[in-house]
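These are the residues of each chain, in order.
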Amino acid sequence: MQEGDRVTRVLVTGAEGQLGSRLVELGARRKTLRIVGLDQTDLDITNPSSIQKALSRHIPDVVVNAAAYTSVDLAESEQECAFAVNGAGVKHLAEACRQNQGALIHVSTDYVFGEVERVPLCPSELTGPLGVYGASKLEGEEAFLASGVQGTVVRVAWLYDARGSNFLTTMLRLADKHGRLKVVNDQHGVPTSAPALAEALLDLAERGQDMPQGIRHYAHAGHTTWHGFASAIVGHAGLDVPVEAVTSDAFPTAATRPAWSVLDGAPLHQEMGWAFESWQNALAACWKLREEG
Ligand SMILES: NC(=O)c1ccc[n+]([C@@H]2O[C@H](COP(=O)([O-])OP(=O)(O)OC[C@H]3O[C@@H](n4cnc5c(N)ncnc54)[C@H](OP(=O)(O)O)[C@@H]3O)[C@@H](O)[C@H]2O)c1
């Protein structure tokens, strides 16, 4: 980086969440970015004056929205809350970013899809959420697009990290506790590393207003089932633990999950010039972070 090169100011919402915390940590290592992360106390996306206060104070070129209501099953009984954050909250944020002439990167989900043909899903695929969480996230996407804000909606699925509470850490905990695992084998998706996604979103942020416009899908190459993912995790951990494959009926949940959640990540990787790594390679890289502490 040369003296006089432009530094992009980035504000991350939901900065204490799984993705938000990685964005702040990894963004702080880039000389091209000046990154600030705010948690819900300092920036509540359901509150327009809280948003305006934060934007006036930090004057970001790009906001990355990692804030969301993410309790998929609870959303079925907390509909109002889910829509307030994932729908109205995104509308407030998008309108404020547009007024402040900043760009917005908003993270959305595969759960905006329902029953679909079993091919890798492109952004143009017809949506049809099966539950409240997916419907609330779809409302957020629509509010983003209607606002006219510059920026990208990035749909992702099956996020995990080497730390915190997610599928990877849950499998390790359950394997340790029970000495065996039972995992569903009839839902298909692409396990997605939160650190890898965070680096990708930071690359988008570095482009400022020139980032891709509209909806894009981020995913690694290939796909598997939760059972396949659990088996890979157990393999990395070197555990001698049987992983039994079961159908979704074995674990009834309040919200119905799509059976096919395979997002096609190839086009965005090509557009951005990223290497399109397999989900297995992404897991290996994330596992290394775990070992490094
Ligand atoms: N996790 C997945 O498997 C997955 C899959 C597909 C898409 N996504 C999407 O990926 C994004 C990041 O997910 P994640 O896994 O990092 O979720 P997360 O760990 O639940 O983080 C979300 C963060 O948003 C905060 N938040 C909630 N309401 C807020 C509000 N009104 N204002 C500001 N912050 C608020 C939460 O704070 P509190 O904890 O204090 O509530 C939390 O820190 C979300 O958009 C999610 O929909 C996730």
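All figures in this text were calculated on a predicted structure; none of them were measured in a lab. (Residues numbered from 1 in each chain as written. Predicted model: local features only at pLDDT ≥ 70, side-chain atom pairs only at ≥ 80, totals over all residues.)

Enquirer: Could you clarify how one ought to interpret the site of the ligand in this entry?
Expert: Lining the immediate environment of the ligand, one finds 26 residues, of which Gly14, Gly17, Gln18, Ala67 and Ala68 sit closest. At the level of elements, helix H1 (18–27), helix H3 (79–99) and strand E4 (103–109) are the ones that each hand at least two residues to the shell around the ligand. In terms of residue count, the dominant contributor to the shell around the ligand is H1 (3 residues). Class assignment for the residues of the shell around the ligand results in 13 nonpolar, 10 polar and 3 charged. (Near = placed C-beta within 6 Å. Helix = DSSP H or I, 4+ residues; strand = E, 2+ residues; numbered from the N terminus. Nonpolar A, V, L, I, M, F, W, Y, C, P; charged D, E, K, R; others polar.)

Enquirer: Honestly, the environment of leucine 168 in this entry has me stumped. Any pointers?
Expert: Position of leucine 168 among the secondary structure elements: in helix H5 (residues 167–178). With 27 C-beta atoms counted inside 10 Å, the residue leucine 168 sits in the buried group. Spatially, the C-alpha atom of leucine 168 lies 8.5 Å from that of phenylalanine 229, the residues being 61 residues apart in sequence. Setting aside its immediate chain neighbours within four residues, leucine 168 contacts Tyr160, Ala162 and Ile233. (Buried ≥ 20, exposed ≤ 12 C-beta atoms within 10 Å, placed from the backbone. Contact = placed C-beta atoms within 7 Å.)

Enquirer: Looking at this structure, how should I read helix H7 (residues 226–237)?
Expert: Two residues of an α-helix separated by three or four positions point the same way, owing to the 3.6 residues in each turn. Here H7 spans 16 Å end to end across 12 residues, near enough to the 16 Å set by a 1.5 Å rise per residue. Listing the buried residues of H7 in full gives Trp226, Gly228, Phe229, Ala230, Ala232 and Ile233. In this fold, the buried residues of H7 make contact with H5, strand E7 (181–184), strand E11 (224–225), strand E12 (243–246) and helix H9 (279–292). (Expected span 1.5 Å × (residues − 1).)

Enquirer: How should I be thinking about the pairing of strand E1 (residues 8–13) in this particular structure?
Expert: Remember that side chains alternate between the two faces of the sheet whenever the strand is regular. As judged from the 6 bridges shared by E1 and strand E2 (residues 33–38), these two strands associate in the parallel manner. Residue pairing in the sheet places valine 12 in a bridge with glycine 37 of E2. Judged from the 4 bridges that link them, E1 and strand E3 (residues 62–65) form a sheet pairing that is parallel. Looking across to E3, one finds that valine 10 is bridged to valine 62. (Pairing = 2+ DSSP bridges.)

Enquirer: Would you mind going over the sheet that holds strand E10 (residues 214–217) with me for this structure?
Expert: Working definition: the strands of a sheet are paired by backbone hydrogen bonds and lie parallel or antiparallel to each other. In spatial order, the strands read E2-E1-E3-E4-E5-E10; together these 6 strands make up an open sheet with parallel pairing. Each edge of the open sheet is held by one strand with a lone partner, namely E2 and E10. Each adjacent strand pair in this sheet contributes to an overall mean axis angle of 20 degrees, direction not counted. Pairing of E4 with strand E5 (residues 151–156) involves 6 bridges; the strand directions are parallel. Bridge pairing links histidine 106 to valine 153 in E5. (Axes fitted to C-alpha atoms, helices over the stretch in contact; angles between N-to-C directions.)

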